[in-house]
Amino acid sequence: MAQIQPLRGTRDLLPEECRKIRHVEARALAIAKLYGFEEIETPMMEPVAVFKRSLGDTSDIVSKQMYLFKDLGGDEIVLRPEGTAGVARAFISEGLTQNLPLKLFYRGPMFRYERPQKGRYRQFYQVGVELLGVDKPQADVELIAMAQQFLGELKLQGDIRLHLNTIGDAESRATYRDRLRHYLETRKSELSQDSLTRLERNPLRILDSKDEGDKRVVADAPSLAESLNDLSRAFFDGVQEGLSTLGIPYFVDPLLVRGLDYYCHTVFEFTTNALGSQNAVLGGGRYDNLISDLGGPKTPGVGWASGVDRLSLMLQETPKDVAPVAVVPLGDEAEKEAVKLTHELRAAGIAVDVGYSGNMGKRMKRADKIGARCAVILGSEELAKGIVQVKWLGTGTQEQINRSELIGKLRT
Ligand code: HAM
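Everything quoted here is computed from the prediction, not taken from an experiment. (Residues numbered from 1 in each chain as written. Predicted model: local features only at pLDDT ≥ 70, side-chain atom pairs only at ≥ 80, totals over all residues. Heavy atoms only, no water.)

**Description of helix H12 (residues 332-347)**
(1) Moving on: For H12, which comprises 16 residues, the first-to-last C-alpha distance of 23 Å matches the rise-based estimate of 22 Å (1.5 Å per residue) to within 8%.
(2) Moving on: Packed against the buried residues of H12 are strand S12 (325-329), strand S13 (352-354), strand S14 (374-378), helix H14 (380-385), strand S15 (387-392) and helix H15 (403-411). (Helix = DSSP H or I, 4+ residues; strand = E, 2+ residues; numbered from the N terminus. Expected span 1.5 Å × (residues − 1). Contact = heavy atoms within 4.5 Å.)

**Regarding the site of the ligand**
(1) Moving on: If you check the shell around the ligand, you find 27 residues, and the closest are Glu 82, Thr 84, Glu 114, Arg 258 and Tyr 263.
(2) Moving on: One of the side-chain N or O atoms of Tyr 262 is found 3.0 Å from a nitrogen atom in the ligand.
(3) Moving on: Burial of the ligand by the surrounding chains reaches 95%, relative to a free accessible area of 650 Å².
(4) Moving on: Elements with a minimum of two residues in the shell around the ligand: strand S6 (123-132), strand S10 (280-286) and strand S11 (301-307).
(5) Moving on: It is S10 that contributes the most residues to the shell around the ligand, 6 residues altogether.
(6) Moving on: Grouping the amino acids of the shell around the ligand by side-chain chemistry returns 12 nonpolar, 8 polar and 7 charged. (Near = heavy atom within 4 Å. Polar contact = N/O pair within 3.5 Å; in protein donor to acceptor, adjacent residues only side chain to side chain. Areas by Shrake-Rupley, 256 points an atom, 1.4 Å probe, with all protein chains shown as cover. Nonpolar A, V, L, I, M, F, W, Y, C, P; charged D, E, K, R; others polar.)

**Details of the sheet that holds strand S5 (residues 102-111)**
(1) Moving on: Strand order across the open sheet formed by 8 strands is S1-S5-S6-S11-S10-S9-S7-S8, with mixed pairing between neighbours. This sheet does not close on itself; its edge strands, each paired only once, are strand S1 (38-39) and strand S8 (251-252).
(2) Moving on: Bridging between S6 and S11 involves 7 bridges; their strand directions are antiparallel. By the bridge assignment for S11, Val 127 is matched with Ser 306.
(3) Moving on: Seen against the sheet, helix H4 (residues 84-93) touches S5 and S6 and runs at an angle of roughly 130° to S5.
(4) Moving on: Here helix H9 (residues 230-245) sits on the sheet in contact with strand S7 (160-166), S8, strand S9 (264-272) and S10, set at roughly 160° to S7. (Pairing = 2+ DSSP bridges. Axes fitted to C-alpha atoms, helices over the stretch in contact; angles between N-to-C directions.)

**Some details on the packing of aromatic side chains**
(1) Moving on: Summed over the entire model, instances satisfying the criterion amount to 4 aromatic pairs.
(2) Moving on: With 5.8 Å between their ring centres and 75° between their planes, Tyr 67 and Tyr 113 make a pair best called edge-to-face. Of this pair, Tyr 67 sits in strand S3 (residues 67-70) while Tyr 113 sits in the loop between S5 and S6, and the two are 46 residues apart along the sequence.
(3) Moving on: Residues Tyr 262 and Tyr 287 carry aromatic rings whose centres are separated by 5.8 Å and whose planes lie at 70° to one another, so their mutual orientation is edge-to-face. (Phe/Tyr/Trp six-rings, centres within 6.5 Å; stacked < 30°, edge-to-face > 60°.)

**Description of the layout of surface pockets**
(1) Moving on: Each pocket or cavity is described by its volume, and for the second largest pocket that value is around 330 Å³.
(2) Moving on: For the second largest pocket, the lining is made up of 20 residues, of which Arg 173, Arg 177, Leu 260, Asp 261 and Tyr 262 are closest to its centre.
(3) Moving on: For the lining of the second largest pocket, the residue count by class is 6 nonpolar, 6 polar and 8 charged. (1 Å grid on protein atoms, 1.4 Å probe; cavity = no way out; pocket = protein on both sides within 12 Å on 5 of 7 lines; lining within 4 Å. Points joined across faces, edges and corners; volume = space filled by probe spheres on them.)

**Here's the deal with the pairing of S5**
(1) Moving on: Across the 10 residues that make up S5, a large majority, 8, are buried.
(2) Moving on: Sheet topology places S1 next to S5; 2 bridges connect them, and they run parallel. If you follow Glu 39 over to S5, its bridge partner there is Phe 105. (Buried < 20%, exposed > 50% of the residue type's maximum accessible area, 1.4 Å probe, protein only.)

**Considerations on empty space enclosed by the protein**
(1) Moving on: A complete count under the given rule lists 3 cavities of 30 Å³ or more for this structure.
(2) Moving on: Looking at the largest cavity, the residues that line it are Ala 326, Val 327, Val 328, Asp 353, Val 354, Gly 355, Arg 363, Arg 366, Ala 367 and Ile 370.
(3) Moving on: Every element with two or more residues in the lining of the largest cavity is listed here: S12, S13 and helix H13 (360-369).
(4) Moving on: For the lining of the largest cavity, the per-class residue count stands at 6 nonpolar, 1 polar and 3 charged.
(5) Moving on: Around the second largest cavity, the lining residues are Ile 40, Glu 41, Thr 42, Arg 80, Gly 83, Val 87, Tyr 106, Arg 107 and Met 110.
(6) Moving on: It is S5 that contributes the most residues to the lining of the second largest cavity, 3 residues altogether.
(7) Moving on: Taken together, the residues of the lining of the second largest cavity break down into 4 nonpolar, 2 polar and 3 charged.

**A short note on the sheet that holds S13**
(1) Moving on: Spatially, 5 strands are ordered S13-S12-S14-S15-S16 in an open sheet, and the strand pairing comes out mixed. The strands lining the two open edges of the sheet, one partner per strand, are S13 and strand S16 (398-402). Adjacent strand axes in the sheet meet at a mean angle of 30° when their direction is disregarded.
(2) Moving on: Sheet topology note: the S15/S16 ladder contains 5 bridges and is antiparallel. Residue pairing across strands places Ile 387 opposite Asn 402, the latter belonging to S16.
(3) Moving on: Those strands touched by H12 are S12, S13, S14 and S15, and its axis lies near 160° from that of S12.
(4) Moving on: Most of the contacts of H15 go to S16, to which it runs at about 120°, and overall it touches S12, S14, S15 and S16.

In structure tokens form, the structure reads like this:
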């Protein structure tokens, strides 16, 4: 019978990988608390409308990457491709509209039907934050500062760079869309098939096309900055001023537009040089119309999400669990006593690993392999005297300890 494999783009997180993923999530949660965010968990599946109405029909995610299916009751359901739309939906359906400003953190798996490669999966993990109810650039600056602190404290390989842009408010974007479309029409024959289909409905997305022909056309395109109205320009100035005040280095990338329709004003992305082509490790921006587009009251928002899988690939060191103590009994009598001792130690909050079987050599080897801090050796002589031998694996030194003092000793 053919062996059953995991679905393409999904993977089993074996213990070491799981440890890295959880470490990144734990760091994100700690930073979120530091900035006054509270955790929320929304369902992994949502009605399709949550994403269609927010991300936009022409976004890559909605047009070709959604895990969309009908359940047995005939409802159209999507495995969430991202977290923002679900949080906005929850904000409305849970009646949180009186609790502004609201600062929410989330983590968990997301699903996108993409071509899998290093750092890009069909089931991947995000941590994210959303700040609702603040329409000032100060909120954008605070969130970017938070992202920078989070990435900085993780100790990652390679260099991280912050790309920043504004896509202005709806009025500025409408002006720009017309100018851009007009220009692109004149170079239509040089555009890729993908860009031709975007030309009518979402020409802004052509700006961040990876196609070489598109890039040449885009190089001469009118700039979005020139179409910004005063309000949009002032907002972006506010964000840049705030970042400069905090000494956060950034680089204005006029071609950064991000792929989701809900954005307005600030968009940003942190990239790395350590991962090859999947170089975006964190992305976000402002979305002042998302909640009203989903049927809620007009409420500004800004947030970001970060790819935990990518960050875990970039950790300089694999995080370690608390080193356990290995209990090593010698002989049948000691074996029984070891079960009791193990139980006592665990009840006292000390992590213990037991080898279950094998001679002293085999058990000591296992103790080494799992990174135990010491082996507690128990033979018939020790049993008779009410003592144990403790061998500290780091230094190789051994000492004799009374059973009654063991817990105290292991706690220090
Ligand atoms: P996004 O840029 O689509 O934004 O995703 C955020 C991050 O998730 C990316 O920078 C990347 O690190 C990671 N990511 C995306 N797709 C994959 C994948 N297939 N495999 C592995 N990692 C991936 C959002 O999702 C927005 N909801 C961010 C946001 C929050 N904007 C405002 N609030």
